Amino acid sequence: TQLEQALRNAIMSDAVDVHFQPIVRIRDGSTVGFEALARWIDPDLGFVSPAVFVPLAEERGFIDALSETLLRKAAEAALSWPRELFLSFNLSSAQLMDPGTAPTILATLSRVGLDPGRVELEITETAVMTSADTAERIICELRNAGMRISLDDFGTGQSSLGRLRDFTFDKVKIDRAFVSRITTDRASEHIVKAIIAMCDGLDLQVVAEGIEEKADAEKLRALGCSMGQGYFYGRPVDAAATLDYLAHHY
Ligand code: G
Ligand code: G
Ligand code: MN
Ligand code: NA
């Protein structure tokens with residue numbers, strides 16, 4: 001298809017870019033890390049969402065090439081940050097079924113010279129479900145190399161609680177579907193509260209995603225949520241704008 005060919009060309013010509021969104025400590029608003037988010041603007045097709053081109057790359061078997069380019073760019077950017085903030089990088093479900101994933105990631109980080117200890121990998125419950133044994137081995141390899149694993153979009157997948165018991169994660173990211181309604185919907189507030197309490201008990205760090213309003217941040221702080229991410233703190237921006245952001249935020 002036209003889209004597929006355009007994406008292949010974009011990967012080869014290094015035209016797929018990566019943006020960064022701050023993850024902050026809610027207590028004082030200080031930045032602790034950034035999530036890397038793929039961005040692609042095709043000259044003909046215009047903006048194409050990663051929600052479209054990541055699944056396409058998975059389906060057509062070139063997610064490895066795409067992901068490697070993105071990780072390289074993200075890691076290079078992270079090296080230029082003035083402080084040792086963590087880099088959070090999304091892995092797709094296909095990558096959690098491929099035994100080559102951990103070695104490829106480690107090779108890329110080693111080539112760029114970024115310490116794996118500064119890297120977190122975001123995976124979804126659905127990805128872990130699809131191929132549990134392979135996923136578990138890959139997660140174990142990545143953690144042994146010093147990387148941390150975040151469970152992304154928490155609360156929206158299947159059998160979430162069982163995953164927390166069976167797998168070793170470091171962090172849970174509460175899906176914005178709950179966070180965005182936290183001040184207006186009692187059910188969402190109770191769900192978020194329960195997730196935070198559970199994570200505390202399991203020694204998991206917790207990040208609330210999709211914080212758009214000051215009131216959301218205040219509510220989350222009152223509920224004891226330590227980290228947050230969302231438009232209220234900062235939108236995803238390119239590497240240069242990220243350096244500018246860091247020059248003006250602590
Ligand atoms: O930024 P946002 O709408 O644009 O991202 C849409 C979806 O694409 C999210 O689910 C996000 O996790 C995913 N995504 C963004 N960047 C990457 C990436 O580099 N790799 C993978 N696998 N998914 C990504
Ligand atoms: O699935 P994942 O959590 O990786 O997706 C991250 C997506 O959420 C990206 O598309 C990012 O642009 C988007 N995002 C980040 N912060 C906010 C926010 O405050 N509100 C909304 N609506 N989307 C957000
Ligand atoms: Mn994510
Ligand atoms: Na998410």
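Residues numbered from 1 in each chain as written. Chains lettered and ligands numbered in written order. Predicted model: local features only at pLDDT ≥ 70, side-chain atom pairs only at ≥ 80, totals over all residues.

> What's the story with the overall build of the protein in this structure? I'm lost.
Each helix and strand counted, the protein has eleven helices and nine strands in total. Compactness check: the protein gives a C-alpha radius of gyration of 18 Å against a globular reference of 18 Å for 250 residues, within 12% of the reference. Projecting the C-alpha coordinates of the protein onto the three principal axes gives extents of approximately 50 × 45 × 35 Å. Intrachain contacts of the protein at a sequence separation of at least 6 include 65% that bridge at least 24 residues. (Helix = DSSP H or I, 4+ residues; strand = E, 2+ residues; numbered from the N terminus. Rg over C-alpha atoms; globule rule 2.2 N^0.38 Å. Contact = placed C-beta atoms within 7 Å.)

> Quick question: what am I supposed to make of the nonpolar core here?
The biggest cluster of nonpolar side chains holds 65 residues, and the ones touching the most others in it are Ala 74, Ile 174 and Val 206. Ranked by residues supplied to this core, first place goes to helix H3 (residues 63-80) with eight residues. Among all residues touching Ile 174, those that are not within four sequence positions of it are Phe 154, Gly 155, Val 179, Val 192, Ile 195, Val 206, Val 207, Ala 208 and Glu 209. (Core = buried A, V, L, I, M, F, W, Y, C linked by C-beta atoms within 7 Å. Buried ≥ 20, exposed ≤ 12 C-beta atoms within 10 Å, placed from the backbone.)

> Whenever I open this one, helix H6 (residues 132-144) confuses me. Can you help?
Each full turn of the α-helix corresponds to 3.6 residues, which orients residues three or four apart in the same direction. Given a rise of 1.5 Å per residue, 13 residues ought to cover 18 Å, and the 18 Å separating the end C-alpha atoms of H6 matches this to within 8%. Looking at the buried side of H6, the elements it contacts are helix H4 (101-112), strand E5 (119-124), helix H5 (125-130) and strand E6 (148-154). (Expected span 1.5 Å × (residues − 1).)

> I'm lost on the site of ligand 2 in this one. Help?
Lining the immediate environment of ligand 2, one finds 14 residues, of which Gly 210, Glu 212, Gly 230, Tyr 231 and Pro 236 sit closest. Considered class by class, the residues forming the shell around ligand 2 number four nonpolar, four polar and six charged. (Near = placed C-beta within 6 Å. Nonpolar A, V, L, I, M, F, W, Y, C, P; charged D, E, K, R; others polar.)

> Is there a simple way to think about H4 in this case?
The end-to-end C-alpha distance of H4 is 17 Å, a good match for the 16 Å that twelve residues give at a rise of 1.5 Å each. In this structure, the buried residues of H4 make contact with H3, E5 and H6. Just downstream of H4, Gly 113 is the residue with a positive phi angle, here 90°.

> Even after reading the chapter, I still don't get the site of ligand 1, so can you show me in this structure?
Lining the immediate environment of ligand 1, one finds Ala 36, Leu 37, Ala 38, Ser 49, Pro 50, Ala 51, Val 54, Leu 70, Asn 90, Leu 91, Ser 92 and Pro 236. Here the shell around ligand 1 is built from residues that sort into nine nonpolar, three polar and no charged.

> Which parts of the structure should I look at to understand the environment of Pro 22?
By secondary structure assignment, the location of Pro 22 is in strand E1 (residues 17-25). Sequence spacing of Pro 22 and Gly 230 is 208 residues, and the spatial spacing of their C-alpha atoms is 7.9 Å. Those residues within four positions of Pro 22 in sequence are excluded, and the remaining contacts are Thr 31, Phe 34, Tyr 233, Gly 234 and Tyr 245.

> Looking at this structure, how should I read the pairing of E1?
Two faces make up the sheet, and in a regular strand the side chains alternate between them. Alignment of E1 against strand E2 (residues 31-42), held across eight bridges, turns out to be antiparallel. The residue of E2 that forms the bridge with Val 24 is Thr 31. Remark: five residues form the turn of the hairpin made by E1 and E2, two consecutive strands paired antiparallel; Gly 29 in that turn has positive phi of roughly 75°. In the sheet, E1 pairs with strand E9 (residues 227-229) via three bridges, with the strands oriented antiparallel. Looking at E9, one finds that Val 24 is bridged to Gly 228. (Pairing = 2+ DSSP bridges.)

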